[in-house]
Amino acid sequence: MSSSADTSVLSVEDIALLNKIEQDSIQYFVRMSDKQTGLTRDSSQPGAPASVAATGFSLAAFAIAQSRGWIEPDYARRYLEKTLKTLLHKAEHENGFFYHFLDMQTGQRVWGSEASSIDTALVVAGALLAGQYYPESPIQEMAEQIYARVHWQWMMNGSDFVCMGWKPESGFLPYYWDTYSEHLILQALAIGAPENPIPPGAWERWMRHQAVYRDKTIVHSPSGSLFTYQYAQAFIDFRSLDDNGINYFENSKLAIEANREYVLESAGRHLGYGQNSWGLSASLGPGGYKAYGAKPGEGLHDGTLAPYAAIASIVFTPEASMAAIRHFFDTYGALIYDKFGFRDAFNIDKNWWSKETIGIDQGITVVMLENFLNDGAVWTRFMALSPIQTWIEKTGLDKSGKSKATPAS
């Protein structure tokens, strides 16, 4: 299958801008990670705790940055080793599942947060990816130890699905990963795990809800937020994988196109919406953090756009994404761009411009741009992992198109 990550459709100036955005976004992780523990702040807001998922993206960002010559090799190696030691020996966890938010200095749980299955999957993915940049090193060894410690089957709580989390005060949360979402990365790591994997049949059981939007049949997430179509695909190259007729790379491309079209339908009601101004995804907004999204799905929107949503779509829709990126950068400038790249979101209707940068949004920006600009560099390394190949083999997600999974409508 040919790649949609084709830089030839863009100008030299556009490629230079994308490299600048990737390099600037990496600075978030350099500046917002604790000097002693390596844990990465959830947002640029002063006093924000560490986010385990942001820390996972930080591991990926440092490994990518040193490979690009943007960070000194010794500095990157020291950061990665320090952070992995914190995760392995200091960060609070339950059966290997890290708490969503941690104290930056102590690694202890804060905000009454849950031991999170998806956030653990993201930090494990970042760790394993970093290990691929440093084969047969302490970095790779510690990443594998963190992965092996996770008791994936425990998080199923005796059910057919992986639970979203657990709290010491109340036990397992009443929410499970039972429909399409960003959890594909969790499923892959849990099924392919070297220790305490979940049964391969768990891949078959979650629902593939399909809906049609403007002649596009899409397996959609409940919210329709773009990040749900991007997170797993930042690491996993789905282009050659087939889930009983569903190709999730092509599915994400359709969802992104639908997201853009949904914005255009509302362009007359919101000043910021337009042909080159789109991107509905979970982000900060005038009323706080919300799961903004498009149809099919809930379709929540109020004029708030998140630049990262268009940037992280670039492997799927390079020309439409580049047009949005160029529009945001050239039109709004310092209102939404600073030393860490794009700030989180904006809403022209309410003259609201985010002052914050969000770690996970910078993370997906860095990883997706690296795949686009550097010939699928992250995909190539991550797909070479033995557990990922085990997941593909166990679930039948191969080029033959004969998956064991049965989608449900």
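Reading the values: rules and limits
Residues numbered from 1 in each chain as written. Predicted model: local features only at pLDDT ≥ 70, side-chain atom pairs only at ≥ 80, totals over all residues. Heavy atoms only, no water. Helix = DSSP H or I, 4+ residues; strand = E, 2+ residues; numbered from the N terminus. Rg over C-alpha atoms; globule rule 2.2 N^0.38 Å. Buried < 20%, exposed > 50% of the residue type's maximum accessible area, 1.4 Å probe, protein only. Lys, Arg positive; Asp, Glu negative; His and termini not counted. Charge placed at Lys NZ, Arg CZ, Asp CG, Glu CD. Pairing = 2+ DSSP bridges. Salt bridge = Lys/Arg side-chain N within 4 Å of Asp/Glu carboxyl O. Polar contact = N/O pair within 3.5 Å; in protein donor to acceptor, adjacent residues only side chain to side chain. Contact = heavy atoms within 4.5 Å. Phe/Tyr/Trp six-rings, centres within 6.5 Å; stacked < 30°, edge-to-face > 60°. Lys NZ or Arg CZ within 6 Å of the ring centre and 35° of its normal. Core = buried A, V, L, I, M, F, W, Y, C linked by side-chain atoms within 4.5 Å.

## Some details on the overall build of the protein
In step 1: For the protein, the count of helices and strands is 14 helices and 16 strands.
In step 2: The C-alpha atoms of the protein give a radius of gyration of 20 Å, which matches the 22 Å a tight globule of 409 residues would have.
In step 3: A principal-axis box enclosing the C-alpha atoms of the protein has dimensions of 50 × 45 × 45 Å.
In step 4: Taking all 409 residues of the protein together, 62% fall into the buried category.
In step 5: Each charge sign in the protein was given a centre, from 33 positive and 45 negative side chains, and these centres are 3 Å apart.

## Things to note about the sheet that holds strand β7 (residues 171-172)
In step 1: Pairing in this open sheet of three strands is antiparallel, and the strands run β5-β6-β7 from one edge to the other. Of all the strands in the sheet, the pair left with one neighbour each is β5 (115-116) and β7.

## Some words on the pattern of salt bridges
In step 1: All told, the structure shown has 12 salt bridges when counted by the stated rule.
In step 2: When the shortest N-O distance is used, the salt bridge between E370 and R68 registers 2.8 Å. Within this pair, whereas E370 is found in helix α12 (residues 359-373), its partner R68 is found in helix α2 (residues 52-68), the two being separated by 302 residues in sequence.
In step 3: With relative accessibility at 25%, the residue R68 sits in the partly exposed group.
In step 4: Its salt-bridge partner being D243, residue R208 comes within 2.9 Å of it at the nearest N-O pair. Taken as a pair, R208 in the loop between α7 (202-205) and β8 (210-213) and D243 in the loop between α8 (231-235) and α9 (248-265) lie far apart in primary sequence, 35 residues in all.
In step 5: Judged by its relative accessible area of 0%, R208 is buried.
In step 6: Overlapping salt bridges bring together D14, R326 and D330 as one network.

## Focus on the side chain of T304
In step 1: Tracing the backbone shows T304 in strand β12 (residues 304-305).
In step 2: One polar contact links T304 to N347, side chain to side chain, over a distance of 3.0 Å.
In step 3: Every residue in contact with T304, bar those within four places of it in the chain, is listed here: Y273, L280, S283, L284, G285, P286, Y292, A345, F346, N347 and W352.

## Points about the packing of aromatic side chains
In step 1: If you walk through the whole model with that rule in mind, you get 31 aromatic pairs.
In step 2: Aromatic side chains F235 and F382 sit 5.4 Å apart centroid to centroid with 50° between the ring planes, which places their arrangement in the tilted category. Of the two residues, F235 is situated in helix α8 and F382 in helix α13 (residues 377-383); the sequence distance between them amounts to 147 residues.
In step 3: Overall, the relative accessible area of 1% leaves F235 in the buried class.
In step 4: What makes F382 buried here is its relative accessible area of 0%.
In step 5: Ring centres of Y337 and F342 lie 4.9 Å apart, and the angle between their planes is 90°; this geometry places the pair in the edge-to-face category. Both residues of the pair, Y337 and F342, count as buried.
In step 6: Every member of this aromatic cluster is reached through a ring pair, and the members are Y180, W203, W206, Y229, F238, Y248 and W391.
In step 7: It is R208 that lies over the ring of W206; its NZ or CZ is 3.5 Å from the centre.
In step 8: The ring of Y133 carries the charged tip of R381 above its face, separated from the ring centre by 3.9 Å.

## A word on the nonpolar core
In step 1: Ranked by size, the top nonpolar core spans 144 residues in total, and within it W152, I185, L189, F235, F382 and W391 carry the most contacts.
In step 2: Sequence-distant contacts of W391, defined by excluding residues within four places in its chain, comprise Q187, A188, I191, G192, W203, I236, F238, L241 and L397.

## Side note on helix α6 (residues 184-191)
Given 3.6 residues per helical turn, the α-helix brings residues three or four places apart onto the same face.
In step 1: Counting buried residues in α6 gives eight out of eight residues, a clear majority hidden from the surface.
In step 2: Taken together, the buried positions of α6 are occupied by L184, I185, L186, Q187, A188, L189, A190 and I191.

## Comments concerning the environment of A16
In step 1: Looking at the element boundaries, A16 is found in helix α1 (residues 12-31).
In step 2: Residue A16 is classed as partly exposed on the basis of its relative accessible area of 45%.

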